Amino acid sequence: QAQVVESGGGLVQPGGSLRLSCAASGSVFSILEMGWHRQAPGKQRELVASFSSGGAIYYADSVKGRFTISRDNAKNTVYLQMNSLKPEDTAVYYCEVIIELRRGAQRNYWGQGTQVTVSS
C-alpha cells in the first residue's frame, strides 16, 4: 500500500503564490506518474498538471504560464508552484500517484486534498 500526503494549501490574495507538496510513501517502488487535480464546488475534478516517470509534463491550459510542476524522485515527492493565483483557482487540490503493479496492472492513490482559497 502507498500513502500520499499533501501540504501547502491555504488562503492567499489574488496575484499571490503558493507551493503545494505531495509526498508518497510505502509501496512506491514503481511510480508511473504523479500529478495534481483540483475540484471546485459544483465542478468536476480537473487535471491541473502531471509529471510522468519518463519526464513528460502536462499542464491544463488554464494554468499554463502560472503553475510549475516539479519532482524530487529521491524523496518520492512532487511539487506544484502556483504563481499569479486567481480566484478561479480556488479549489481542493488532490495529489494522484499512479503505481505500476506486477503483471502490468496499475493502481492510483489519492491524497486527502489540500484547500487553496484565492480571495481578497
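Residues numbered from 1 in each chain as written. Predicted model: local features only at pLDDT ≥ 70, side-chain atom pairs only at ≥ 80, totals over all residues. Heavy atoms only, no water.

(A) Spatial organisation of the state of the cysteines. Inspection of every chain in the model, using the stated rule, returns 1 disulfide. Covalent S-S linkage joins C22 and C95, the inter-sulfur distance amounting to 1.9 Å. For the disulfide bridge between C22 and C95, the dihedral angle about the S-S bond is near -80 degrees, and by the sign convention the bridge is left-handed. Highlighted residues: C22 in strand β3 (residues 18–26) and C95 in strand β9 (residues 91–100), separated in sequence by 73 residues. The class for C22 is buried, based on a relative accessible area of 0%. (Disulfide = S-S within 2.5 Å. Helix = DSSP H or I, 4+ residues; strand = E, 2+ residues; numbered from the N terminus. Buried < 20%, exposed > 50% of the residue type's maximum accessible area, 1.4 Å probe, protein only.)

(B) Representation of the pairing of β3. Here 6 bridges tie strand β1 (residues 2–7) to β3, and the two strands are oriented antiparallel to one another. The residue of β3 that forms the bridge with V4 is A24. (Pairing = 2+ DSSP bridges.)

(C) Region of the structure containing the side chain of T114. The residue T114 is located in strand β11 (residues 114–118) in this model. With relative accessibility at 10%, the residue T114 sits in the buried group. Once you skip the residues sitting within four places of it in the chain, T114 turns out to touch E6, S7, G8, G9, L20, A91, V92 and Y93. (Contact = heavy atoms within 4.5 Å.)

(D) Expanded view of the sheet that holds strand β7 (residues 67–72). Taken together, the 4 strands give an open sheet; going across it, the order is β1-β3-β8-β7, and neighbouring strands pair in antiparallel fashion. Lying at the two open borders of the sheet, with one neighbouring strand each, are β1 and β7. Taking each pair of neighbouring strands and ignoring which way they run, the sheet shows an average axis angle of 15 degrees. When β7 meets strand β8 (residues 77–82), the two strands line up antiparallel, connected through 6 bridges. Counted as the bridge partner of F67 is M82 from β8. (Axes fitted to C-alpha atoms, helices over the stretch in contact; angles between N-to-C directions.)

(E) Just the nonpolar core, in detail. Counting 31 residues, the largest nonpolar core has W36, L80, M82 and Y93 as the members making the most contacts within it. Sorting the residues of this core by element identifies β1, β3, β4 (31–39), β5 (46–52), β7, β8, β9 and β11 as the ones contributing at least two each. In terms of residue count, β9 provides more of this core than any other element does, 5 residues in total. (Core = buried A, V, L, I, M, F, W, Y, C linked by side-chain atoms within 4.5 Å.)

(F) Region of the structure containing the environment of L85. Within the secondary structure, L85 is located in the loop between β8 and β9. The class of L85 is buried, set by a relative accessible area of 2%. Taking the C-alpha atoms as reference points, L85 and R103, 18 residues apart in sequence, are found 42 Å from one another. Ignoring anything within four residues of it in the chain, the contact list for L85 reads V12, P14, G15, G16, S17, L18, R66, F67 and V118.

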